[in-house]
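Overview (structure and organization)
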Amino acid sequence: MPIPPIIWIIFLFALGSSVGSFINVVVYRLPREMSIVRPGSHCTLCEHPIAWYDNVPIIAWFLLRGRCRHCGGSFSIRYPMVELLTALLFVMLYWAYFLGEVREGLTDLSYGRWLIYIGHMVLICGLLVSSLIDGEHWIIPLSVSYTVVGAALILSMIWPYFVAAAAEPLLNPAPWASIKTGALALGGAAGLGLSMILLKFGLIKRSFADYDQEQEQPQGEKKHAPPNARAEQGVKGEEIGIDLPPNIIRREMFREVIFLLPVVAGAVVLMSVLTSGGSPASGWGRLILGQKWLCGLLGSVFGFMIGGGVVWATRIGGSLAFGKEAMGLGDVPLMAAVGAMLGWTSPVIAFFLAPFMGLSWALARLLIHRTREIPYGPFLSMATVIVMLAHDIIVQWFIESFTLGPATVGI
Ligand SMILES: [Zn+2]
């Protein structure tokens, strides 16, 4: 007998609130470079350990009226709010994927749906952690994005065995490489590896490297310095984006272009070599269509490159055009993680959706605080969650509006 949805909802709400409790710990400790596992929960004021019964998600805060049992110091209402939000997100995605059936290919009652659900919840939790830290400290820790990427790469190899491919390739619920995108992903990954090696051996230079060390306030690069330095800065003052001269910004962008050249070159070269035969019968075609794990993995890698690439290209283009650093470098791995988990279409849609969410907030902030800088991570994250729910509607609208058949899209 199948388990009724209400049981799942209660279970997932409880699970989500516990995960939310852990997210609170991560959000507090990660920017302060503290261990996430040790010590256990304790009052930050009197250091007294918090007993399990005082640590029950959501409820305990209200029973204690937001105060420490031992020293009476107050805990922010943010903690139970984050727990509640996480619990609601767990339930919402279950509702959407299992009851609302918002994604094609997730209509069968197989394990695949749960595997997709787990991966997408990992992403949502990563986005929540990144947003909360970005909102407070103006940094997006790389470790969070890379954890999501790692989970995505592993899951992408498992998903194709449990999830049916959608009839329209763009509507696949899991990353799915085609002959072309698979070749692009493999070449791009090789190029990225080469760039990393060149960077490691100092043959190419990291952008803004000179300014992080020489200046007391490394303004140039908003989200790339060690978290603790940034955290202090974020706490000290809001306006951390003091400008370097336009010519220096442009020169540093040139370094980022150099870093990206091997990636683009690798992708283009490998695609032209591997798909020169062009038919599914070619060696590469047989390999990518025959090995499901490879197909999923390269689909994820392609999503990683497109997700990161859209943000990075905008950053470079915007910075070159305006002579001011546009977008933080921390947004790049964040959207790369979104692409790795969801496939390439989602981060692209989310990226163009995010400004609309940020706009009203930014305007209000400009009027009240007179600062134009806003952390962008929360808006990218919100847009991503919306895309997870509305992906198929948006993509289908695109296909119909531009009358792109699968043949014309061709990727
Ligand atoms: Zn206390």
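Residues numbered from 1 in each chain as written. Predicted model: local features only at pLDDT ≥ 70, side-chain atom pairs only at ≥ 80, totals over all residues.

This paragraph deals with the overall build of the chain. The helix and strand tally for the chain stands at 15 helices and 0 strands. Here the chain holds 411 residues, and the buried ones make up 40% of them. (Helix = DSSP H or I, 4+ residues; strand = E, 2+ residues; numbered from the N terminus. Buried ≥ 20, exposed ≤ 12 C-beta atoms within 10 Å, placed from the backbone.)

This part is about the nonpolar core. With 89 residues, the main nonpolar core has Val129, Ala185, Leu298, Phe302, Met335 and Ala337 as its most contacted residues. Top element by residues in this core is helix H11 (residues 292–322). It accounts for 12 residues. Excluding residues that lie within four positions of it along the chain, Leu298 makes contacts with Ala177, Gly182, Ala185, Leu186 and Ile288. (Core = buried A, V, L, I, M, F, W, Y, C linked by C-beta atoms within 7 Å. Contact = placed C-beta atoms within 7 Å.)

This part takes up the environment of Val395. Tracing the sequence through the fold places Val395 in helix H14 (residues 377–401). Accessibility expressed as a C-beta count within 10 Å gives 18 for Val395, which makes it partly exposed. Measuring from C-alpha to C-alpha, the distance between Val395 and Leu170 comes to 7.3 Å, with 225 residues separating the pair along the chain. Among residues more than four places away in sequence, those in contact with Val395 are Leu170, Leu171 and Thr345.

Its 22 residues give helix H6 (residues 179–200) an end-to-end C-alpha distance of 32 Å, which sits within 8% of 32 Å, the value for a rise of 1.5 Å per residue. Residues of H6 that are buried: Ile179, Thr181, Gly182, Ala183, Leu184, Ala185, Leu186, Gly187, Gly188, Ala189, Gly191 and Leu192. Within two residues after H6, Gly202 carries a phi angle of roughly 75 degrees, on the positive side. (Expected span 1.5 Å × (residues − 1).)

Okay, unusual backbone geometry next. Across the junction of Arg38 and Pro39, the peptide omega takes the value -10 degrees, indicating a cis bond. Structurally, Pro39 is set in the loop between helix H1 (5–29) and helix H2 (59–63). Of note in the backbone geometry, Arg65 takes a positive phi value of approximately 55 degrees without being a glycine. Checked against the element boundaries, Arg65 lands in the loop between H2 and helix H3 (78–99). With 8 C-beta atoms counted inside 10 Å, the residue Arg65 sits in the exposed group. One non-glycine residue, Trp138, lies in positive phi territory at about 65 degrees. Relative to the helices and strands, Trp138 is located in the loop between helix H4 (111–137) and helix H5 (142–158).

Here the chain averages 84 in pLDDT, while 84% of its residues score no lower than 70. Averaged pLDDT values over the elements of the chain bottom out at 38 in helix H8 (residues 227–236) and peak at 96 in H5. Across residues 213–241, confidence stays below pLDDT 50; counting only partners more than four residues off in sequence or on other chains, it has 56 contacts. (pLDDT = per-residue confidence, 0-100.)

On to the packing of H5 against H11, then. Angle between the axes and distance between the axes are the two parameters that describe a pair of packed helices. At their nearest, the axes of H5 and H11 sit 7 Å apart, and the two run at 150 degrees to each other. When the interaxial angle is binned, H5 and H11 end up roughly antiparallel. The crossing of H5 and H11 is right-handed. Along its contact with H5, which presents Val149, Ala152, Leu153, Ser156 and Met157, the element H11 presents Trp293, Gly296, Leu297, Gly299, Ser300 and Phe304. Looking at the contact of H5 with H11 residue by residue, the class counts come to 7 nonpolar, 4 polar and no charged. (Axes fitted to C-alpha atoms, helices over the stretch in contact; angles between N-to-C directions. Parallel < 35°, antiparallel > 145°, perpendicular 65-115°, else oblique. Left-handed = near helix turned anticlockwise from the far one by under 90°. Nonpolar A, V, L, I, M, F, W, Y, C, P; charged D, E, K, R; others polar.)

Counted at 1.5 Å a residue, the expected span for H14 with its 25 residues is 36 Å, but the 30 Å between its end C-alpha atoms falls short. Roughly 75 degrees is the biggest bend found in H14, and it falls at Ala390. When we look at burial in H14, the residues that qualify are Gly377, Pro378, Phe379, Leu380, Ser381, Ala383, Thr384, Val387, Met388, His391 and Asp392. (Bend = angle between axes of the 7 residues up to and from the residue.)

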